[in-house]
Amino acid sequence: MAQFDGKLAIVTGAAQGIGKATALRFAAGGARVVLVDRVAQAAERLREEITAAGGQATVVVADLETDDGAQTMIDQVMAAHGVIDIAVHNVGGTMWTKPFWEYQIDEIHKEINRSLWPTLLCCRAVIPVMIAQRRGAIVNIGSVATRGIHRVPYAAAKGGVSAMTVAMSMELADYNIRVNCVAPGAIASNRVIPRNTAVPTEAEKQWRAEVFTQTERDTPMRRLGEAHEVAAAITFLASDDASYTTGHIMYVSGGGIG
């Protein structure tokens with residue numbers, strides 16, 4: 001029997017990168033995967049890829065930065081499937097790279113809206129379902145950027161993801177619901193949907209280079225990670241193999257820590 005046979009897994013931000021690698025891994029393990037993204041075409045291409053390989057996947061289009069996006073997503077999933085075994089909350093990602101005092105107020109709000117609220121609100125929406133089931137596994141995606149330069153608003157958001165993971169795990173343990181977090185380091189990216197399309201200034205190029213220098217210095221393995229390496233950690237924490245693991249922050253970062 002495949003590892004996730006009979007399981008229903010939600011993956012947010014599923015259209016590319018870590019989300020895509022995670023969805024493919026769940027599907028290969030026998031799960032029915034709900035691909036949640038706000039870019040319908042990219043999510044549909046992934047659904048076709050999964051079904052062509054013999055897997056099962058459906059698409060839910062949702063903007064999880066909005067107040068009602070998470071609840072609407074859960075409502076749609078429950079109407080279609082009636083159960084949620086696994087929820088992976090992957091939406092997020094830094095948009096700007098610069099010293100904190102260089103951020104505009106609206107940029108700070110956008111970073112928090114992108115990388116904190118979707119995870120917090122998705123947890124809030126899915127938890128009542130899992131409480132009613134008396135079981136479930138939640139995996140939130142953090143970051144080692146919590147110990148890094150030039151991304152303070154993003155670091156604040158991901159620090160919040162780590163904190164909510166631990167606090168929720170304590171509240172939900174009696175309901176047989178596990179809540180864990182995977183915190184990636186620098187991951188090689190083939191993004192097809194850019195987060196920030198503005199042409200960088202010379203100063204922004206320099207700040208970005210400083211981030212790369214710091215990341216290389218603080219990564220003992222001296223290489224970028226791959227999305228599939230992060231997906232392996234996510235699916236482990238979501239699986240029954242991690243049945244005695246909750247409230248854990250797993251760094252997948254070549255030895256770096258947040």
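In this text the structure is predicted, and so the values were computed from the model without any measurement.

What exactly am I supposed to notice about the packing of helix H3 (residues 69-81) against helix H5 (residues 117-133) here?
When two helices pack together, their arrangement is captured by the angle between the axes and the distance separating the axes. H5 packs onto H3 with a crossing angle of 35° between their chain directions and a minimal axis gap of 8 Å. With respect to the hand of their crossing, H3 and H5 are arranged in right-handed fashion. Residues Ala-70, Gln-71, Met-73, Ile-74 and Met-78 of H3 form the contact with H5, whose participating residues are Leu-121, Cys-122, Ala-125, Val-126 and Val-129. A class-by-class count of the residues in the contact of H3 with H5 yields 9 nonpolar, 1 polar and no charged.

It is not clear to me how the sheet that holds strand E5 (residues 136-141) should be interpreted in this structure. Could you clarify?
In a beta sheet, neighbouring strands pair by backbone hydrogen bonds and run either parallel or antiparallel. Spatially, E3-E2-E1-E4-E5-E6-E7 is the arrangement adopted by the 7 strands of the open sheet, whose pairing is parallel. Pairing within the sheet leaves two strands with one partner each, and these edge strands are strand E3 (56-61) and strand E7 (249-252). For this sheet, the mean inter-axis angle between neighbouring strands, taken without regard to orientation, is 20°. Contacts between H3 and the sheet are confined to strand E1 (8-12), strand E2 (32-37) and E3, with E1 contributing the most and set at about 155° to the helix.

How should I be thinking about the environment of Glu-49 in this particular structure?
With respect to the helices, strands and loops of the structure, Glu-49 is situated in helix H2 (residues 40-52). Sequence spacing of Glu-49 and Leu-24 is 25 residues, and the spatial spacing of their C-alpha atoms is 8.7 Å.

Would you mind going over the side chain of Arg-178 with me for this structure?
As for its placement among the helices and strands, Arg-178 is situated in strand E6 (residues 177-184). Buried Arg-178, no salt bridge; nearest opposite-charge side chain is Asp-240, N-O distance 5.4 Å. Engagement of the side chain of Arg-178 in a polar contact is seen with the backbone oxygen of Leu-237, the distance being 2.9 Å. If sequence neighbours within four positions are ignored, Arg-178 has contacts with Gly-136, Ala-137, Ile-138, Leu-237, Ala-238, Ser-239, Ala-242, Ser-243, Thr-245 and Thr-246.

Sorry if this is basic, but what is going on with the environment of Val-166 here?
Position of Val-166 relative to the elements: it lies in helix H6 (residues 152-172). Residues Val-166 and Glu-49, spaced 117 residues apart in sequence, show a C-alpha to C-alpha distance of 35 Å. In contact with Val-166, other than residues within four places in its own chain, are Gly-247 and Ile-249.

Explanation requested: the pattern of salt bridges in the structure shown.
Should their charged atoms come close, side chains of opposite charge can pair. With the rule as written, the count across this model stands at 12 salt bridges. Between Glu-44 and Arg-47 there is a salt bridge whose closest N-O contact spans 2.6 Å. Linking Glu-44 with Arg-47, this pair stays in helix H2, spanning 3 residues, or about one helical turn. We classify Glu-44 as partly exposed; its relative accessible area is 27%. Overall, the relative accessible area of 24% leaves Arg-47 in the partly exposed class. Salt-bridge contacts for Arg-114 lead to Glu-65; the nearest nitrogen and oxygen are separated by 3.3 Å. Remark: Glu-65 occurs in the loop between E3 and H3 and Arg-114 occurs in helix H4 (residues 105-115); sequence separation between them is 49 residues.

Sorry, what's going on with helix H1 (residues 17-28) here?
Helical geometry: 3.6 residues make up each α-helical turn, so side chains three or four residues apart lie on a common side. Here H1 spans 17 Å end to end across 12 residues, near enough to the 16 Å set by a 1.5 Å rise per residue. Three or more residues of H1 are buried, namely Ile-18, Gly-19, Ala-21, Thr-22, Ala-23, Phe-26 and Ala-27. On its buried face, H1 sits against E1, E2, H2, strand E4 (86-89), E6 and helix H8 (227-238). Remark: Gly-30 follows H1 within two positions and exhibits a positive phi of approximately 100°.

The rules we used
Residues numbered from 1 in each chain as written. Predicted model: local features only at pLDDT ≥ 70, side-chain atom pairs only at ≥ 80, totals over all residues. Heavy atoms only, no water. Axes fitted to C-alpha atoms, helices over the stretch in contact; angles between N-to-C directions. Helix = DSSP H or I, 4+ residues; strand = E, 2+ residues; numbered from the N terminus. Left-handed = near helix turned anticlockwise from the far one by under 90°. Contact = heavy atoms within 4.5 Å. Nonpolar A, V, L, I, M, F, W, Y, C, P; charged D, E, K, R; others polar. Pairing = 2+ DSSP bridges. Buried < 20%, exposed > 50% of the residue type's maximum accessible area, 1.4 Å probe, protein only. Lys, Arg positive; Asp, Glu negative; His and termini not counted. Salt bridge = Lys/Arg side-chain N within 4 Å of Asp/Glu carboxyl O. Polar contact = N/O pair within 3.5 Å; in protein donor to acceptor, adjacent residues only side chain to side chain. Expected span 1.5 Å × (residues − 1).

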